Amino acid sequence: MNNNVEVLPDQKALIDRALQLILSKIDKAIEQQGRFTIVLSGGSTPKPLYEAIATQKLPWEKIHVFWGDERYVPPDHPNSNQLMARRAWLDQVDIPANNIHPIPTQEGDPAVSAAKYEQHLQEFFHSSPGEFPAVDVNLLGMGDDGHTASLFPNTSALKVSDRLITVGNKDGEPRITFTYPFINASKCVIFVVAGDNKKTALSQVFAPTASETTYPSRLIQPQGELWWLLDAAAGSDIKY
């Protein structure tokens, strides 16, 4: 396992480092396999990262974009992770529509939507039920409660280990989310975390022992590389 922790001086340096790392992974994946797969996170922190990616001259036809979780709202809803990424990045570049793989949210039943996205992923990666395909880069954030994707503390989604996609729950509102074993199958997981409100949760995530059901980000131990990119406000006191 290849774990890397970097504390950057401020949010601009954090975004610059994340961009540099992602660009290197794009080059490597396209050179080795002719395409690059990336899973996006929601929240406010990655928005400037997506805006920065949009300014790059990249072989967009070889890049495929997925989402690690989504609120159960229409794609044009202000709270949609898909909408944020489209406005910040995907609508700004010439990426083929078929290379964008949003989570469906209009089936009326979150479980049906989760199953539909799982089937789409299996078809794209040519994987069988029970197999966890490896995406090239899985971008994650972390909430001040220690959640990541829509894997929230003390929720049933944390117990799902036999599927790619499941239904998360945030204060009674359904979310669609990658399961932790699917995240852990990634070739590279990159946490991008900013803000001093994350310090308490980070101290527990990095602690030698703590509860994974209370701090779900502890569940993320990928087979490939694990990067924690933190700004100084979040990471200055972290022991690792």
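Residues numbered from 1 in each chain as written. Predicted model: local features only at pLDDT ≥ 70, side-chain atom pairs only at ≥ 80, totals over all residues. Heavy atoms only, no water.

In the annotation of an unreviewed UniProt entry, the entry for the chain reads 6-phosphogluconolactonase, and the organism field reads Iningainema tapete BLCC-T55. Within the UniProt record for the chain, the comment given under Sequence similarities (unreviewed entry) is "Belongs to the glucosamine/galactosamine-6-phosphate isomerase family. 6-phosphogluconolactonase subfamily." If you open the UniProt record of the chain and go to Function (unreviewed entry), you find "Hydrolysis of 6-phosphogluconolactone to 6-phosphogluconate." (UniProt positions renumbered as here; feature names shortened; annotations may be inferred.)

1. A look at unusual backbone geometry
Of note in the backbone geometry, Ala 149 takes a positive phi value of approximately 50° without being a glycine. Looking at where Ala 149 falls in the secondary structure, it is placed in the loop between β6 (137–140) and β7 (165–170). Owing to a relative accessible area of 13%, Ala 149 belongs among the buried residues under this scheme. If you check the backbone angles, Asn 154 has positive phi at about 60° while not being a glycine. (Helix = DSSP H or I, 4+ residues; strand = E, 2+ residues; numbered from the N terminus. Buried < 20%, exposed > 50% of the residue type's maximum accessible area, 1.4 Å probe, protein only.)

2. What about helix α3 (residues 81–88)?
Most of α3 is tucked away: 6 of the 8 residues are buried. Of the surrounding secondary structure, the elements contacted by the buried residues of α3 are β2 (36–40), α2 (47–54), β3 (63–67) and β4 (69–71). (Contact = heavy atoms within 4.5 Å.)

3. Points about the UniProt feature "domain: Glucosamine/galactosamine-6-phosphate isomerase" (unreviewed entry) in the chain
Per the UniProt annotation, the sites labelled "domain: Glucosamine/galactosamine-6-phosphate isomerase" (unreviewed entry) are residues 9–228. Counting secondary structure, residues 9–228 comes out at 30% helix and 19% strand; the distance between its end C-alpha atoms is 14 Å.

4. Description of the environment of Asp 162
Looking at the element boundaries, Asp 162 is found in the loop between β6 and β7. Linking Asp 162 and Val 93, residues 69 residues apart in sequence, is a C-alpha distance of 36 Å.

5. Description of the packing of aromatic side chains
The tally for this structure, following the rule as stated, stands at 8 aromatic pairs. Taken together, a centroid distance of 4.3 Å and an interplanar angle of 15° make the contact between Phe 178 and Phe 182 stacked. Neither Phe 178 nor Phe 182 differs from the other in exposure class; each is buried. Clustering of aromatic rings is evident, with ring pairs tying together Tyr 50, Trp 60 and Trp 89. (Phe/Tyr/Trp six-rings, centres within 6.5 Å; stacked < 30°, edge-to-face > 60°.)

6. A short note on the sheet that holds β7
Pairing is antiparallel in the open sheet, where 3 strands are placed in the order β4-β8-β7. Edge positions in the sheet fall to β4 and β7, since each has one partner strand and no second. Each strand of the sheet is rotated relative to its neighbour by a mean of 30°, with strand direction disregarded. In this structure, β4 lies alongside strand β8 (residues 173–178), joined through 3 bridges in antiparallel fashion. Bridge assignment links Asp 69 to a residue of β8, and that residue is Thr 177. (Pairing = 2+ DSSP bridges. Axes fitted to C-alpha atoms, helices over the stretch in contact; angles between N-to-C directions.)

7. Here's the deal with the pairing of β6
Working note: regular strand, side chains alternate between the two faces of the sheet. The alternating pattern of β6 places Val 137 and Leu 139 and Asn 138 and Leu 140 on opposite faces, both of which are buried. In this sheet, β6 lies alongside β2 in parallel orientation, the contact comprising 2 bridges. Looking across to β6, one finds that Val 39 is bridged to Asn 138. For β6 and strand β9 (residues 188–193), the ladder comprises 3 bridges, and the chain directions are parallel. Residue Leu 140 lies in a different strand from β9, and its bridge partner there is Phe 191.

8. Remarks on α2
Turning to α2, its buried residues number three or more, namely Leu 49, Tyr 50, Ala 52, Ile 53 and Ala 54. Contacts from the buried residues of α2 go to α1 (11–33), β2, α3 and β6.

9. Considerations on the nonpolar core
Counting residues in hydrophobic clusters, the biggest one holds 79 residues, and the most contacted among them are Trp 89, Leu 139, Ile 190 and Trp 228. In terms of residues, this core owes the most to one element, α1, which gives 11 residues. Leaving out residues up to four positions away in the same chain, Ile 190 has contacts with Leu 21, Ile 22, Val 137, Asn 138, Leu 139, Leu 140, Trp 227 and Leu 229. (Core = buried A, V, L, I, M, F, W, Y, C linked by side-chain atoms within 4.5 Å.)

10. Quick look at the packing of α1 against α2
Where α1 meets α2, the closest approach of the two axes is 9 Å, and the angle between their N-to-C directions is 50°. By the criterion of interaxial angle, the relationship of α1 to α2 is oblique. Crossing angle aside, the handedness with which α1 passes α2 is right-handed. Listed contacts from α2 to Ile 15, Ala 18, Leu 19 and Ile 22 of α1 are Pro 48, Leu 49, Ala 52 and Ile 53. (Parallel < 35°, antiparallel > 145°, perpendicular 65-115°, else oblique. Left-handed = near helix turned anticlockwise from the far one by under 90°.)

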